[in-house]
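Structural features, examined
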Amino acid sequence: MAAATRRYTDDVPDDIEARLRELCLGLPDSSEQQAWVGTRWVVRKRTFAHVLGVEDDTTGLKVVL
């Protein structure tokens, strides 16, 4: 059996990212940054949320984390 090959993407549905943005930026001292892939939200220098897409080439599964 072949090992699953995962690929990380910026492919996140706009409505999910918009809702996360609204919640995260409503917290004190939070800011939004582009991450190596996806978007992350930080307070000072600490990441507390990160959203990105994950695709599994073996099953064709697409997930948003």
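Please read these numbers as outputs of a predicted model, since none were measured by experiment. (Residues numbered from 1 in each chain as written. Predicted model: local features only at pLDDT ≥ 70, side-chain atom pairs only at ≥ 80, totals over all residues. Heavy atoms only, no water.)

**Thoughts on the sheet that holds strand β6 (residues 62–64)**
With antiparallel pairing, the 3 strands of this open sheet are ordered in space as β1-β5-β6. Each edge of the open sheet is held by one strand with a lone partner, namely β1 (6–9) and β6. Here the average twist between neighbouring strands, direction ignored, is 25 degrees. As judged from the 4 bridges shared by β1 and strand β5 (residues 53–56), these two strands associate in the antiparallel manner. Residue Y8 lies in a different strand from β5, and its bridge partner there is V54. (Pairing = 2+ DSSP bridges. Helix = DSSP H or I, 4+ residues; strand = E, 2+ residues; numbered from the N terminus. Axes fitted to C-alpha atoms, helices over the stretch in contact; angles between N-to-C directions.)

**Quick word on the packing of aromatic side chains**
Scanning the model with the defined rule gives 1 aromatic pair in all. Each ring, one from Y8 and one from W36, has its centre 5.8 Å from the other, and the planes form 80 degrees; the classification is edge-to-face. Placement of Y8 in strand β1 and of W36 in the loop between β2 (30–34) and β3 (39–43) is noted, with a sequence separation of 28 residues between them. Since its relative accessible area comes to 41%, Y8 is described here as partly exposed. (Phe/Tyr/Trp six-rings, centres within 6.5 Å; stacked < 30°, edge-to-face > 60°. Buried < 20%, exposed > 50% of the residue type's maximum accessible area, 1.4 Å probe, protein only.)

**Remarks on the environment of L52**
In this fold, L52 is placed in the loop between β4 (46–51) and β5. When its relative accessible area of 8% is taken as the criterion, L52 is described as buried. With 13 residues separating them in the primary sequence, L52 and T39 have C-alpha atoms 6.8 Å apart.

**Overview of the sheet that holds β4**
Within the open sheet, the 3 strands sit side by side as β2-β3-β4. Their pairing is antiparallel. Of all the strands in the sheet, just β2 and β4 have a single pairing partner and so form its edges. The average angle at which neighbouring strand axes cross in this sheet is 30 degrees, direction not considered. Relative to β3, β2 is paired through 5 bridges, and the arrangement is antiparallel. Bridging from a neighbouring strand, S30 pairs with V43 of β3. Sheet strands in contact with helix α1 (residues 14–25) are β2, β3 and β4, and its direction is about 5 degrees off that of β3. (Contact = heavy atoms within 4.5 Å.)

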